[in-house]
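Listed below, chain by chain, are the residues.
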2 protein chains.
Amino acid sequence: MSALQSDQTASRPDGRLLKALKGECLSPPPIWLMRQAGRYLPEYRELRAKAGGFLDLCYAPQMAAEVTLQPIRRYGFDAAILFADILLIPQALGQKLWFETGEGPRLDPLEGGAAIAALDIGNVEAHLAPVFETVDRLRTALPGETDLIGFAGSPWTVATYMIAGRGTPDQAPARLFAYRDPVAFQALMDVLVEATAIYLAAQVKAGADVLQLFDTWAGVLPEAEFARWSIAPTKALVARLRALGVRVPIIGFPKGAGALLPRYVAETGVDAVGLDPSTPLSWAVPHVADKTVCQGNLDPLLLVAGGDGMVRAVDAILEAFDGRPFVFNLGHGIVPQTPPEHVGQLVKRVRGE
Amino acid sequence: MSALQSDQTASRPDGRLLKALKGECLSPPPIWLMRQAGRYLPEYRELRAKAGGFLDLCYAPQMAAEVTLQPIRRYGFDAAILFADILLIPQALGQKLWFETGEGPRLDPLEGGAAIAALDIGNVEAHLAPVFETVDRLRTALPGETDLIGFAGSPWTVATYMIAGRGTPDQAPARLFAYRDPVAFQALMDVLVEATAIYLAAQVKAGADVLQLFDTWAGVLPEAEFARWSIAPTKALVARLRALGVRVPIIGFPKGAGALLPRYVAETGVDAVGLDPSTPLSWAVPHVADKTVCQGNLDPLLLVAGGDGMVRAVDAILEAFDGRPFVFNLGHGIVPQTPPEHVGQLVKRVRGE
């Protein structure tokens, strides 16, 4: 992985996240947490109340940057992650998107091939310009040692929402669509690969040091479909990003991939992989950590519960990956009812303070 | 597995499911489908409309037996599975249970240790007597070559509903409860092990030839919790059943277990294991099928879609397990929108007709 470098290395040395992603064994490992900027923080809720809707916040660079910085100030994480949403891409492609209070995202579902053909890639970069401005502000405002993570949803996961129009227990509508009309679904993957490449390349140009691809719904796919709709589009996206000159490390996070994780690592070209909470350490170390940099995987609910159970689980993770390049994280995003003091205790435990 | 035998072997020879579960390689393999009796069948919907509520149907032996028989008449599956619900056990323990139309089960959530201590095991067998009568009627009514499967939820999965009071996207309430109060949660596991053993032993006494344990929510557990709340109670339940004289084969179905499946097989004592649709065949054959009899694992949505995609997936499953003892099934239950003619095509394909 020595060929990897931040696109802004001229201006700053690698932070601890970048070092680990490039293969350095750090003790303690770098730590950041998925959804570290969010509703569990009172300062987030306060700013969110002023911002109007959730999407307004995503598109307001000054406020989005402030929200991104809040957990850095509080906990001194090794990395900040851009405050945005994986569904900004469908919106940039022309699909109607809104958030129902307390219920999550809603989109006008894509009904078939004609709706997919109508998606317009020409507007993506302009539509998402406020996000790039947020990144730019962040790279200036962040402490020099703090790496900045840009992100997007993987094509499969974004497509599941575009087809269903919402989150569902197992994203059956998209799975069924793909079974019934794989040609139209492939066309959707192609559009998403290109749009997401444009989006992420611009994030890196604006100052992102690392990229993460969230494939939250990878785990609902059988092997053949996992290869076709999770691995192949991710591989195409990574290749497209490299072709666009992006050289920063890319973390793939195929949640629920289970025994398919080694195949994902071998075939997609990602530089590191996020492990979900169900991934057993005893299996991940020989089958995944021997091949790539791992990131994870504390159960977010243990962070809610706190106490000795959390401490034991943290120590088990640290011990399992001791002596390897590793990034400490949760196995999924922080949940809103997390007590902020537990996050502080977690950071201290990981850092041996 | 040669020590296993049906408790009613005196009266009938093993059917094809029993033979496969005892280690015979059958070509074609036996086939049955999870939720093969259900809403996708017009004859089920018709009878259901007459029965009143879903629970009324579960407790009406004549109608429950009729519903169980419907898919046997239509498709000639190698096995029938008792029509019942995994939440009859909480109800038998005294927890209030009802079904909201179109929304699924609701229970008065168990709030803590006192509510768990109040669960009453003394009434379980009497409360569930109509289920045993259904089994008895079925064993008489079924064709001699058709094996009869009894079932229950595994303690973990049943407990997730008892704590949350309903199905949730990831059963977080029960996971959090177990983190916060593992002593009370263990007490709940102990009650469920004993109640479920009583329930299943009585099903076998009434004529069930095979038992299946549904651990639908096993996949949300990290490794340590999977060992504690899925494996250990399942192992205790299997041991308790054997102590009660139950000798029929037991199929475990820890949905979403992923890379933890070999550990589940090695430690629980089940005689066969159900694979969910996400379990890769290329991994399951060397890591699971070499140790135990496998059952699975067509994606239920492929049965909805039908056509060439379904045929290819069926053939891939048959080829992967060729020459091993194997039971063809879905990787999860049939969904209501499944066209009944696709089920017929599936059975023909598996049987090479």
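Residues numbered from 1 in each chain as written. Chains lettered and ligands numbered in written order. Predicted model: local features only at pLDDT ≥ 70, side-chain atom pairs only at ≥ 80, totals over all residues.

## Quick look at the interface of chain A and chain B
Quick note on the threshold: Any two residues are considered in contact once their C-beta atoms, placed from the backbone, lie within 7 Å. Secondary structure counts use DSSP, requiring at least four H or I residues in a row for a helix and at least two E residues in a row for a strand, with both numbered from the N terminus. Residues are sorted three ways: Asp, Glu, Lys and Arg are charged, Ala, Val, Leu, Ile, Met, Phe, Trp, Tyr, Cys and Pro are nonpolar, and all the rest, Gly among them, are polar.
Taken together, the 27 residues of chain A in the interface contact 27 residues of chain B. Only helix 10 (172–180), helix 14 (281–289) and helix 15 (300–305) of chain A provide two or more residues apiece to the side of chain A that touches chain B. At 5 residues, the largest contribution of residues to the side of chain A that touches chain B is made by helix 10 of chain A. Of the residues contributing to the side of chain A that touches chain B, the split by class is 17 nonpolar, 6 polar and 4 charged.

## Concerning helix 14 (residues 281–289) of chain B
Spacing of three or four residues puts side chains on the same side of an α-helix, whose turn is 3.6 residues. As a reminder, the rule being used: Residue burial here comes from a neighbour count, namely the number of other C-beta atoms, placed from the backbone, that lie within 10 Å of the residue's own C-beta, with 20 or more meaning buried, 12 or fewer meaning exposed, and in between meaning partly exposed. This arc is taken over the directions from the axis of the helix to the C-beta atoms.
Buried within helix 14 of chain B are the following residues: Leu281(B), Ala284(B) and Val288(B). Down the axis of helix 14 of chain B, the buried side of the element spans an arc of 70 degrees, and every buried residue falls inside it.

## Digging into unusual backbone geometry
Apart from glycine, the bulk of residues carry a negative phi angle, and the bulk of peptide bonds sit in the trans form. In this model, Gly296(A) is joined to Asn297(A) through a cis peptide bond whose omega is -15 degrees. Its place among the elements puts Asn297(A) in strand 8 (residues 293–298). Following Ser27(B), the chain continues to Pro28(B) via a peptide bond in cis, the omega torsion being 0 degrees. The phi angle at Gln171(A) is positive, at roughly 50 degrees, despite the residue not being glycine.

## Thoughts on the relation of the copies chain A and chain B
To keep things clear, this is the line we draw: Least-squares superposition of the copies uses the C-alpha atoms of those residues scoring a pLDDT of at least 70 in each of them.
For the pair chain A and chain B, the relating rotation is 180 degrees, the translation along its axis is 0.0 Å, and the fit reaches an RMSD of 0.0 Å. Between the two chains, the operation in question is that of a two-fold axis. Interface residue correspondence from chain A to chain B reaches 100%, placing this contact among same-surface, isologous pairings.

## Digging into the environment of Lys50(B)
Residues and elements named next belong to chain B. As for its placement among the helices and strands, Lys50 is situated in helix 2 (residues 42–51). Assessed through the 9 C-beta atoms surrounding it within 10 Å, Lys50 is described here as exposed. Separated by 20 residues in the primary sequence, Lys50 and Pro30 place their C-alpha atoms 33 Å from one another.

## Observations concerning the pairing of strand 5 (residues 210–215) of chain A
Residue and element names in this part refer to chain A. What counts here: A pair of strands counts as paired when DSSP detects no fewer than two bridges linking them. The handedness of a crossover follows from its direction of travel: if, with the strands pointing away from the viewer, the path from the first strand over the helix to the second runs clockwise, the crossover is right-handed.
Among the 6 residues in strand 5, 6 count as buried, and that is most of the element. In terms of strand pairing, strand 4 (residues 147–153) meets strand 5 through 5 bridges, oriented parallel. Within strand 5, the position partnered with Gly150 by the bridge is Leu211. In the sheet, strand 5 pairs with strand 6 (residues 250–254) via 5 bridges, with the strands oriented parallel. Residue pairing for strand 6: Asp215 is matched across the bridge by Pro254. Note that the unit made of strand 5, helix 12 (residues 223–243) and strand 6 has a crossover that is right-handed.

## Topic: the confidence of the model for chain A
All names here are of chain A. What counts is decided by this rule: The score called pLDDT rates the predictor's confidence residue by residue, from a low of 0 to a high of 100.
Of all residues in chain A, 97% attain a pLDDT of 70 or more, and the chain-wide mean is 95. Within the model, the stretch residues 1–9 combines pLDDT values under 50 with 20 contacts to residues more than four positions away or in other chains. In the model output, the complex is listed with pTM 0.95 alongside ipTM 0.93.

## Brief notes about the packing of helix 9 (residues 155–164) of chain B against helix 10 (residues 172–180) of chain B
All names here are of chain B. Our working rule: Only the stretch in contact is used when fitting a helix axis, every axis being a line fitted to C-alpha atoms; angles between N-to-C directions are given from 0 to 180 degrees. Note on terminology: angles under 35 degrees are roughly parallel, angles over 145 are roughly antiparallel, angles of 65 to 115 are roughly perpendicular, and the others are oblique.
Two elements in contact, helix 9 and helix 10, have axes whose closest approach is 8 Å; the angle formed by their N-to-C orientations is 95 degrees. Of the possible angle classes, the one that applies to helix 9 and helix 10 is roughly perpendicular. Touching Ala159, Thr160, Ile163 and Ala164 of helix 9 are Pro173, Ala174 and Phe177, all from helix 10. Partitioned by chemical class, the residues of the contact of helix 9 with helix 10 number 6 nonpolar, 1 polar and no charged.

## Considering the environment of Gln171(B)
With respect to the helices, strands and loops of the structure, Gln171(B) is situated in the loop between helix 9 and helix 10. The spacing of Gln171(B) and Leu221(B) is 50 residues in sequence and 9.8 Å in space, taken between C-alpha atoms.

## A closer look at helix 10 of chain B
Turning to helix 10 of chain B, its buried residues number three or more, namely Ala174(B), Arg175(B), Phe177(B), Ala178(B) and Tyr179(B). Tucked into the core, helix 10 of chain B has its buried residues touching helix 15 and helix 16 (307–320) of chain A together with helix 9, helix 11 (182–206) and helix 12 (223–243) of chain B.

## As for the packing of helix 4 (residues 61–75) of chain B against helix 8 (residues 129–141) of chain B
Residue and element names in this part refer to chain B. Our working rule: In this scheme, a crossing is called left-handed if the near helix is turned counterclockwise away from the far one by less than a right angle; it is called right-handed if the turn is clockwise.
Running from N to C, helix 4 and helix 8 cross one another at 50 degrees; their axes reach a closest spacing of 8 Å. By the angle class used here, helix 4 and helix 8 are oblique. Relative to helix 8, helix 4 is oriented so that their crossing is right-handed. Contacts between helix 4 and helix 8 involve Pro61, Ala64, Ala65, Thr68 and Leu69 from the first element and Pro130, Glu133, Thr134, Arg137, Leu138 and Ala141 from the second.

## Observations concerning the sheet that holds strand 1 (residues 79–81) of chain B
In sheet architecture, strand pairing relies on hydrogen bonds along the backbone and comes in two forms, parallel and antiparallel. Residues and elements named next belong to chain B. Taking strand neighbours across the sheet as the criterion, the 7 strands line up as 1-4-5-6-7-8-9 in an open arrangement whose pairing is parallel. Each of the sheet's edge strands pairs with one partner strand only, and the pair in question is strand 1 and strand 9 (326–330). Neighbour-to-neighbour, the strand axes of this sheet turn through a mean angle of 25 degrees, independent of strand direction. Strands in contact with helix 11 are strand 4 (147–153) and strand 5 (210–215); relative to strand 4, the strand with the most contacts, it is inclined by about 170 degrees.

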